[in-house]
Amino acid sequence: QVQLVESGGGLVQAGGSLRLSCAASGSIVSINAMGWYRQAPGKQRELVAVISKGGSTNYADSVKGRFTISRDNAKNTVYLQMNSLKPEDTAVYYCNADYILTRVGSMRDYWGQGTQVTVSS
């Protein structure tokens, strides 16, 4: 069974930094694009950043220049380095894999359980 497990969330003051990690486990052969999304209370889930298997990246305008997404394909892990955090970055951050190939099948649009990030002013 495949799992995406996020870690690294927490409480930080404005201007601070956090690094999120999302590790995929299971009988994984390969993962296509991986990304981070976030959902603040009362708001829709939104894309934060996405990275292709080859390393191409795309960011929401609100985080450009502050957040950096990266991945380690050998570890099936994606990271999100978040610097210069603002109170409006407060949200539950979710990891996503758009396509996972395993030894017994495949799955699309797979989500982790989320990790809370709270930025105090």
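Fair warning: this is a prediction, and the values are worked out from it, not measured in the lab. (Residues numbered from 1 in each chain as written. Predicted model: local features only at pLDDT ≥ 70, side-chain atom pairs only at ≥ 80, totals over all residues. Heavy atoms only, no water.)

## A few points about the overall build of the protein
Of the regular secondary structure elements, the protein holds zero helices and twelve strands. The helix and strand sequence of the protein, counted from the amino end, reads β-β-β-β-β-β-β-β-β-β-β-β. In summary, the protein has a C-alpha radius of gyration of 14 Å against a globular reference of 14 Å for 121 residues, a match within 12%. Referenced to the eigenvectors of the C-alpha coordinate spread, the extents of the protein come out at roughly 45 × 25 × 20 Å. In the protein, the proportion of contacts linking residues at least 24 apart, taken out of those at least 6 apart, comes to 56%. Summed over all atoms, the accessible surface of the protein reaches about 6400 Å², with 45% contributed by carbon and sulfur. Charge separation in the protein, taken as the distance between the mean sites of 12 positive and 8 negative side-chain charges, equals 5 Å. (Helix = DSSP H or I, 4+ residues; strand = E, 2+ residues; numbered from the N terminus. Rg over C-alpha atoms; globule rule 2.2 N^0.38 Å. Contact = heavy atoms within 4.5 Å. Areas by Shrake-Rupley, 256 points an atom, 1.4 Å probe, with all protein chains shown as cover. Lys, Arg positive; Asp, Glu negative; His and termini not counted. Charge placed at Lys NZ, Arg CZ, Asp CG, Glu CD.)

## Observations concerning the pattern of salt bridges
Summed over the entire model, instances satisfying the criterion amount to four salt bridges. Two residues, R38 and D89, come together in a salt bridge whose shortest N-O distance is 2.9 Å. Taken together, the residues span a long stretch of sequence, with R38 in strand β5 (residues 34-39) and D89 in the loop between β9 (77-82) and β10 (91-102) at a distance of 51 residues. When salt bridges with common partners are traced through the structure, they connect R38, E46, R66 and D89 into a single cluster. (Salt bridge = Lys/Arg side-chain N within 4 Å of Asp/Glu carboxyl O.)

## Describing the packing of aromatic side chains
Think of a pair of aromatic rings as described by two things: how far the centres are apart, and how the planes are tilted against each other in angle. Under the defined criterion, the tally for this structure stands at two aromatic pairs. When the ring of Y37 is compared with that of W111, the centres are 5.0 Å apart and the planes differ by 65 degrees; the resulting orientation is edge-to-face. Placement of Y37 in strand β5 and of W111 in strand β11 (residues 106-111) is noted, with a sequence separation of 74 residues between them. Relative to W111, the ring of Y94 has its centre 6.5 Å away and its plane inclined at 85 degrees; by these criteria the two rings are edge-to-face. Of the two residues, Y94 sits in strand β10 while W111 sits in strand β11, which places them 17 residues apart along the sequence. According to the relative accessible area criterion, W111 is partly exposed, its value standing at 28%. An aromatic cluster of at least three residues, connected via ring pairs, comprises Y37, Y94 and W111. (Phe/Tyr/Trp six-rings, centres within 6.5 Å; stacked < 30°, edge-to-face > 60°. Buried < 20%, exposed > 50% of the residue type's maximum accessible area, 1.4 Å probe, protein only.)

## Digging into the sheet that holds strand β8 (residues 67-72)
Sheet strands pair by backbone hydrogen bonding; their relative direction is either parallel or antiparallel. Pairing in this open sheet of four strands is antiparallel, and the strands run β1-β3-β9-β8 from one edge to the other. Two strands in the sheet have a free side with no partner beyond their single neighbour: β1 (3-7) and β8. When strand polarity is set aside, the average angle formed by the axes of neighbouring strands in this sheet is 15 degrees. In this structure, β1 lies alongside strand β3 (residues 18-25), joined through five bridges in antiparallel fashion. Residue pairing for β3: S7 is matched across the bridge by S21. (Pairing = 2+ DSSP bridges. Axes fitted to C-alpha atoms, helices over the stretch in contact; angles between N-to-C directions.)

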